[in-house]
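# Report on the structure
Here is how the chains run, residue by residue.
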Amino acid sequence: LSDNDINLLERYEREKNAAQANLKSAELMRDTAKINLDRQLKLYEQGLSARKEYEKAKIEFSKLEMEVAKALVGLTKSETQLSRQSSQEVRAPRD
């Protein structure tokens, strides 16, 4: 039994690297949204910002937390796929 795609592991490795980059990007955006959320809360508490702006920041932060979760799922799938493929062993029956 042979695999027709000789670059399969390399493709899975690139896919995993892309998933890692996607996770890092999502985490950075989430962290920035958290800073904005905290700032909007302080401004709202001081009466310098409308409640609407605070709520928008809260919604944006929640959305980006979901993006981090999705990116983590994508990375986990990529890592699992790579691990399974790279550790696969084929045995032929003995006569």
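Read on for an overview of the structure. On a predicted model such as this, the values are computed, not experimentally measured, just so you know. (Residues numbered from 1 in each chain as written. Predicted model: local features only at pLDDT ≥ 70, side-chain atom pairs only at ≥ 80, totals over all residues. Heavy atoms only, no water.)

### Some words on the packing of aromatic side chains
This structure, assessed with the given rule, holds 1 aromatic pair. Positioned above the aromatic ring of F61, the side-chain terminus of K34 is 5.7 Å from the ring centre. (Phe/Tyr/Trp six-rings, centres within 6.5 Å; stacked < 30°, edge-to-face > 60°. Lys NZ or Arg CZ within 6 Å of the ring centre and 35° of its normal.)

### Details of helix α2 (residues 51–86)
Over its 36 residues, α2 runs 53 Å from end to end, which matches the ideal 52 Å to within 8%, given 1.5 Å per residue. When α2 is considered as a whole, its buried residues turn out to be Y54, A57, F61, L64, V68, A71, L75, S78 and L82. Of the surrounding elements, those touching the buried residues of α2 are α1 (8–45). (Helix = DSSP H or I, 4+ residues; strand = E, 2+ residues; numbered from the N terminus. Expected span 1.5 Å × (residues − 1). Buried < 20%, exposed > 50% of the residue type's maximum accessible area, 1.4 Å probe, protein only. Contact = heavy atoms within 4.5 Å.)

### A look at the environment of L43
For L43, the location among the structural elements is in helix α1. Sequence spacing of L43 and E53 is 10 residues, and the spatial spacing of their C-alpha atoms is 9.5 Å. Beyond its immediate stretch of four places on either side in the chain, L43 contacts L48 and S49.

### So, the pattern of salt bridges
Side chains bearing opposite charge may pair, as long as their charged atoms lie close to each other. Evaluated as defined, the whole model comprises 7 salt bridges. Ionic pairing is found between E13 and K16, a salt bridge with its closest N-O pair at 3.4 Å. Taken as a pair, E13 and K16 lie in helix α1 at a separation of 3 residues, close to a single helical turn. Using a relative accessible area of 31% as the deciding quantity, one classes E13 as partly exposed. On the basis of relative accessibility, which here comes to 17%, the residue K16 falls in the buried class. Its salt-bridge partner being D31, residue R30 comes within 3.0 Å of it at the nearest N-O pair. (Salt bridge = Lys/Arg side-chain N within 4 Å of Asp/Glu carboxyl O.)

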